Amino acid sequence: MKSALLIVFAALSPFSAVAAPAGYFDLEPQITLESGDTWRDDKGRYRLYGVQSCLRGTTYTDKQNRERDCGEASMAMLAAFIEDTSPVCAPVMRTPDLTYVMCYATVGRQRSDLGLLLINSGYAFAALDAEGMPYQMAYALAEQTARKKKEGLWQFSDVVHPAVLMSTNARHGAGGTAK
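These numbers were taken from a predicted model, which means no experiment stands behind them. (Residues numbered from 1 in each chain as written. Predicted model: local features only at pLDDT ≥ 70, side-chain atom pairs only at ≥ 80, totals over all residues. Heavy atoms only, no water.)

K.L.:
So what's going on with the overall build of the protein? Which residues, and what values?
P.N.:
Along the protein, the regular secondary structure elements total 5 helices and 11 strands. Within the protein, the proportion of its 179 residues that are buried is 38%. Once local pairs closer than 6 in sequence are excluded, the contacts in the protein between residues at least 24 apart make up 57%. Of the roughly 10700 Å² of accessible surface on the protein, 54% is carried by carbon and sulfur atoms. (Helix = DSSP H or I, 4+ residues; strand = E, 2+ residues; numbered from the N terminus. Buried < 20%, exposed > 50% of the residue type's maximum accessible area, 1.4 Å probe, protein only. Contact = heavy atoms within 4.5 Å. Areas by Shrake-Rupley, 256 points an atom, 1.4 Å probe, with all protein chains shown as cover.)

Have a look at this one:
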């Protein structure tokens, strides 16, 4: 009887701990963000699969006519989502120095794809392969919608899609693609 009461109390408690499902890991706020799509912790380096954030060092002009770092804006939004939604992630692909992950965030009782949330908010973009095709078609559709609605960074007329910048850099020998 005592153990049954403890189980009920734990289930009803707003502070009850819920472990990540098998194959997933918690995305802890103590990570070190490298960009709006990549981070590292003591176990390795991770990147959201199919998501491309603004490149750090690129700029946009805000409504007060001030130049802002686009990559910093993407990174701040990722940090906010991590803090507010306690995402859990699962690896989908590994390279020697990077693990690509898919994550879901919980808002209320609703679970949502973290990459989709970032892209819908207008602070991230659909990553493209070497042929210019999106790794995730749903992300490309979400990006089109966010752009049309002028969500997030899309409200600023001088925001340049990171794929355009990376393509230009690749043509000049200084870049690549994202997954």
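K.L.:
Tell me about helix α4 (residues 137–149), residues and numbers included.
P.N.:
Counted at 1.5 Å a residue, the expected span for α4 with its 13 residues is 18 Å, and the 19 Å between its end C-alpha atoms agrees. Tyr139, Ala140, Ala142, Glu143 and Ala146 are the residues of α4 that are buried. Along the axis of α4, the buried positions cluster into a sector of 160 degrees, meaning they face one direction only. Within α4, the exposed residues directed more than 90 degrees away from the buried face are Gln144, Lys148 and Lys149. Those residues of α4 hidden inside the fold are in contact with β5 (51–53), β9 (98–107), β10 (110–113), α3 (114–121) and β11 (124–126). Count one or two residues on from α4 and you reach Lys150, which has phi positive near 60 degrees. (Expected span 1.5 Å × (residues − 1). Arc of directions from axis to C-beta.)

Purely geometric stuff here, so don't read any function into it on its own.
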